[in-house]
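# Close look at the chain arrangement
The residues making up each chain are set out below.
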Amino acid sequence: MKYTWSSATHVGLVRESNQDSVAPEHDGATDEILIAAVADGMGGAAAGDVASRVALAAAIAPTPEEQPDPAARVRTGNEAVLKAEAEDRTRRGMGTTLTLGMFHPDGHLDVGHVGDSRMYLFRDGTLTQVTDDHSFVGELVRAGKLNPTEAMQHPRRNIVTRVLGTPGLQVDSVELHLHSGDRVLICSDGLTDMVTRGGIEAILADTTTVTDAAWGLVEAANRAGGVDNTTVVVVDADQ
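Read on for a plain summary of the structure. From a predicted model like this one, the values you see are computed outputs, not experimental measurements. The written sequence of each chain sets the order in which its residues are numbered from 1. Only residues with pLDDT of 70 or above have their local features reported here, since the model is predicted, and side-chain atom pairs are shown and tallied only from 80 upward, although totals for entire chains, interfaces and linings are computed over all residues. With hydrogens and water set aside, each side-chain value is computed from the structure's full complement of heavy atoms.

Okay, the sheet that holds strand E9 (residues 126-129) next. Pairing within the open sheet is antiparallel, and its 6 strands lie in the order E3-E1-E12-E11-E8-E9. Only two strands of the sheet have a single neighbouring strand rather than two, namely strand E3 (28-30) and E9. Ignoring strand direction, the axes of neighbouring strands in this sheet form an average angle of 20 degrees. Only when DSSP finds a minimum of two bridges between them are two strands counted as paired. Working definition: helices are DSSP H or I runs of at least four residues, strands are E runs of at least two. Numbering for both runs from the N terminus. As paired strands, strand E1 (residues 2-10) and strand E12 (residues 230-238) are joined by 9 bridges and run antiparallel to one another. Looking at the pairing, Tyr-3 lines up with Ala-237 of E12. Lying over the sheet, helix H6 (residues 197-206) contacts strand E8 (118-123), E9 and strand E11 (183-187), oriented at roughly 125 degrees with respect to E9. It only takes one pair of heavy atoms within 4.5 Å for two residues to be counted as in contact. Lines fitted to C-alpha atoms define the axes here, with helix axes fitted over just the stretch in contact, and angles between the N-to-C directions of these axes take values from 0 to 180 degrees. Relative to E1, helix H7 (residues 210-223) is tilted by about 25 degrees, and along the sheet it contacts E1, E11 and E12.

What follows is the structure, given as structure tokens:
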């Protein structure tokens, strides 16, 4: 399987700083293992930036031996956030989401996930959310007490219930097998709070290249108000 990817990030129209981090930071293609991830920091402007940056750097760092699975990589990112917090009292309480995918040459996709950044699979014209949101409204949606549209407008939609920067962190793991023609999206909530599921699906369907898809999603979030940082990675899988 060959993977082609593009990432895009934008501060938005309201925030003064971008607390999101993304990998890879460049566009490219490979028929080897690809690690793609999005982290959305929180805890004040400086601390949020530090949390997402150190977590992502630790999680994607190359290892001399066998590749750790994504959940182990997320736990490594968590340890890095806890260490950075302990080194500076002004960072107390900082945290970050992290959604990380390892795309293997045989089409296997392993996912490690904490927080409300999301992974979606776009296959045969249909968009499916791969990860569960670790958030107040996410729990209400899964319980059937809110629908996704109501969740986007809920006053407590930004309350995240599980983040890196927490001792003994529980990490979700997901496994998928990709088909040729699949498109995978990893994104921060700056996209999903601004653009409906149908809007995301339409952009992924109507764009030919991963670059057009990635920037089309960011531009859609900004047109809708851009109240948060928006960060995406779009990965196409092809034989």
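So, on to the nonpolar core. Residues grouped as a nonpolar core are buried Ala, Val, Leu, Ile, Met, Phe, Trp, Tyr and Cys residues, joined through side-chain atoms within 4.5 Å. Three exposure classes are used, based on accessible area relative to the maximum for each residue type with a 1.4 Å probe and protein chains only: buried under 20%, partly exposed in between, and exposed over 50%. By size, the foremost hydrophobic cluster in this structure holds 22 residues, and its most contacted members are Val-74, Met-94, Leu-98, Leu-100 and Leu-164. Only strand E4 (34-42), helix H1 (45-60), helix H2 (70-86) and strand E6 (98-103) provide two or more residues apiece to this core. Once you skip the residues sitting within four places of it in the chain, Leu-164 turns out to touch Ala-55, Val-74, Gly-77, Asn-78, Val-81, Met-94, Gly-95, Thr-96, Thr-97, Leu-98, Val-114 and Leu-169. With 21 residues, the next largest nonpolar core counts Phe-122, Leu-217, Ala-221 and Val-234 among its residues.

Ala-23 connects to Pro-24 through a cis peptide bond whose omega is -5 degrees. Residue placement: Pro-24 occurs in the loop between strand E2 (20-23) and E3. Of note, the phi angle at Asp-124 is positive, near 55 degrees, even though the residue is not glycine. Secondary-structure assignment places Asp-124 in the loop between E8 and E9.

Our next topic: the pairing of E8. Most of E8 sits inside the fold, with 5 of its 6 residues counted as buried. Pairing analysis gives 5 bridges linking E8 to E11, with the strands arranged antiparallel. Bridge pairing in E11 places Arg-118 opposite Cys-187. Bridging between E8 and E9 involves 4 bridges; their strand directions are antiparallel. Note on E9: the bridge partner recorded for Arg-123 is Thr-126. The hairpin formed by E8 and E9 contains 2 residues between the paired strands, and Asp-124 there has a positive phi angle of roughly 55 degrees.

The subject of this paragraph is the packing of H6 against H7. H7 packs onto H6 with a crossing angle of 150 degrees between their chain directions and a minimal axis gap of 9 Å. It follows from the interaxial angle that H6 and H7 lie roughly antiparallel. The hand of the H6/H7 crossing is right-handed. Here H6 contributes Ile-200, Ile-203 and Leu-204 to the contact with H7, which in turn contributes Ala-213, Gly-216, Leu-217 and Ala-220. Note on terminology: angles under 35 degrees are roughly parallel, angles over 145 are roughly antiparallel, angles of 65 to 115 are roughly perpendicular, and the others are oblique. For any pair of crossing helices, the crossing counts as left-handed if the nearer helix is rotated counterclockwise from the farther one by less than a right angle, and right-handed if it is rotated clockwise.

Right, let's get into the packing of aromatic side chains. Pairs were defined over the aromatic rings of Phe, Tyr and Trp, the Trp ring being its six-membered one, requiring ring centres within 6.5 Å. Orientation was assigned from the angle between planes: stacked under 30 degrees, edge-to-face over 60, tilted for the rest. Enumeration over the complete set of coordinates arrives at 1 aromatic pair. On the basis of an interplanar angle of 65 degrees and a centroid distance of 5.4 Å, the ring pair of Tyr-3 and Phe-103 is categorised as edge-to-face. With Tyr-3 in strand E1 and Phe-103 in strand E6, this pair connects stretches of sequence that are 100 residues apart.

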